[in-house]
Amino acid sequence: MHKKMGTRNLTMVVMDGKTRVAQYGQWDGYPGGQGLTVLKFLKTANMDEFKKRLDGVKFLRQEDIDAFCKSEGFPADGWLNEAQAKIFRAKFPGVNRDLGAEILQKIYDGSITEIKNSEGFAGDSLFCEWAYVIDLDSGMLEVYKGFNTSPLPETDRFAKMEKDGKYYPVRLVKSYPISALPEKDVFVAECNHLELEE
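Procedures and definitions
- Residues numbered from 1 in each chain as written.
- Predicted model: local features only at pLDDT ≥ 70, side-chain atom pairs only at ≥ 80, totals over all residues.
- Heavy atoms only, no water.
- Helix = DSSP H or I, 4+ residues; strand = E, 2+ residues; numbered from the N terminus.
- Rg over C-alpha atoms; globule rule 2.2 N^0.38 Å.
- Buried < 20%, exposed > 50% of the residue type's maximum accessible area, 1.4 Å probe, protein only.
- Contact = heavy atoms within 4.5 Å.
- Arc of directions from axis to C-beta.
- Polar contact = N/O pair within 3.5 Å; in protein donor to acceptor, adjacent residues only side chain to side chain.
- Salt bridge = Lys/Arg side-chain N within 4 Å of Asp/Glu carboxyl O.
- 1 Å grid on protein atoms, 1.4 Å probe; cavity = no way out; pocket = protein on both sides within 12 Å on 5 of 7 lines; lining within 4 Å.
- Points joined across faces, edges and corners; volume = space filled by probe spheres on them.
- Phe/Tyr/Trp six-rings, centres within 6.5 Å; stacked < 30°, edge-to-face > 60°.
- Lys NZ or Arg CZ within 6 Å of the ring centre and 35° of its normal.

Participant: Break down the overall build of the protein chain for me, with residues and values.
Facilitator: Helix and strand counts for the protein chain come out as 6 helices and 7 strands. When the elements of the protein chain are put in sequence order from the N terminus, they spell out β-β-α-α-β-α-α-α-β-β-β-β-α. Against the 2.2 N^0.38 benchmark of 16 Å for 198 residues, the protein chain shows a C-alpha radius of gyration of 17 Å, consistent with a compact globule. Evaluated residue by residue, the protein chain yields a buried proportion of 43% over its 198 residues. Within the protein chain, counting contacts between residues at least 6 apart in sequence, those at least 24 apart form 64% of the total.

Participant: Can you break down helix 2 (residues 47-54) residue by residue, with the values?
Facilitator: Along helix 2, the residues that are buried comprise Met-47, Phe-50 and Leu-54. End-on, the buried residues of helix 2 take up no more than an arc of 55 degrees, which puts them together on one face. Seen from the open side of helix 2, the exposed residues pointing more than 90 degrees away from its buried face are Asp-48 and Lys-52. In this fold, the buried residues of helix 2 make contact with strand 1 (9-15), strand 2 (18-25), helix 1 (31-44) and helix 5 (103-109). In this structure Asn-46 caps helix 2, since a side-chain oxygen of it lies 2.9 Å from the backbone nitrogen of Asp-48.

Participant: So what's going on with the pattern of salt bridges? Residues and values would help.
Facilitator: In this structure the tally under the stated criterion is 11 salt bridges. For the salt bridge of Arg-20 with Asp-16, the shortest nitrogen-to-oxygen distance reads 3.4 Å. The partner of Arg-20 in a salt bridge is Asp-55, with the nearest N and O atoms 3.3 Å apart. Remark: Asp-55 occurs in the loop between helix 2 and strand 3 (58-59) and Arg-20 occurs in strand 2; sequence separation between them is 35 residues.

Participant: Lay out the layout of surface pockets with the relevant residues and their values.
Facilitator: Its volume calculated, the largest pocket comes out at about 880 Å³. Contributing to the lining of the largest pocket are 24 residues, with Gly-78, Leu-80, Phe-88, Val-95 and Arg-97 lying nearest its centre. Taken together, the elements giving at least two residues each to the lining of the largest pocket come down to strand 2, helix 3 (62-71) and helix 4 (82-91). Ranked by residue count, the leading element in the lining of the largest pocket is helix 3, at 5 residues.

Participant: Describe the side chain of Glu-142, with residues and values.
Facilitator: Within the fold, Glu-142 resides in strand 6 (residues 140-145). A polar contact is formed between the side chain of Glu-142 and the side chain of Arg-157, at a distance of 2.9 Å.

Participant: An account of the packing of aromatic side chains is needed here, citing residue identities and associated values.
Facilitator: One pass over the structure, following the stated rule, counts 9 aromatic pairs. With a centroid separation of 5.0 Å and an interplanar angle of 75 degrees, the aromatic rings of Tyr-24 and Phe-121 are classed as edge-to-face. With a gap of 97 residues between them, Tyr-24 in strand 2 and Phe-121 in the loop between strand 4 (114-115) and strand 5 (130-135) connect regions that are remote in the sequence. On the numbers, 6.2 Å between centres and 80 degrees between planes, the contact of Phe-68 with Phe-74 is edge-to-face. With respect to burial, Phe-68 and Phe-74 carry one shared label: buried. By way of ring pairs, the aromatic residues Phe-68, Phe-74, Phe-88 and Phe-92 are connected into one cluster. Above the ring of Trp-130, the side-chain terminus of Lys-145 is found at 5.7 Å from the ring centroid.

Participant: Give me the lowdown on unusual backbone geometry, citing residues and values where you can.
Facilitator: Phi is positive for Asp-16, which is not a glycine, with a value near 55 degrees. Among the secondary structure elements, Asp-16 is positioned in the loop between strand 1 and strand 2. Even without being glycine, Asp-28 reaches a positive phi, approximately 50 degrees. Tracing the sequence through the fold places Asp-28 in the loop between strand 2 and helix 1.

Next up, the structure:
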């Protein structure tokens, strides 16, 4: 059985110049984990159908989440017991750190339409170890890496985000046309090779 590794990550989708998905993930953020989940989704899903589904997805407001938690009498510090967590997940299935890139398939299936916008996590490259951005406008899959201690080129997607201590936002390390994606072993090898070179 696969043991999950705490490698925090971000899965994003951009369409019509706007961020439509920005899902925080707690586990398996490396290219051979969440990266392959993104790759598989892009190779199997119909992008026209996915775009239609994205039009029905909205970002939850933190105030609405807080109001629900207060109405249920959940603790203010956010630490929920098992019963409370079950209630929360039933109300907000898209606000789940365990989903990671699986959010893409859930949106495609229509089972999740409300999600949380965690785009700001890309600015925290000490903790955001990998990020995957599907840009449906440019037709590209972009792979970003964390632990970045050098300034980003102005052209990088996250260059305008403020640095956090000595860490800058995640840095672009590889991009692929969605119409010509590599095989999974090539994808993993290329992304990890870049990781080793830095």
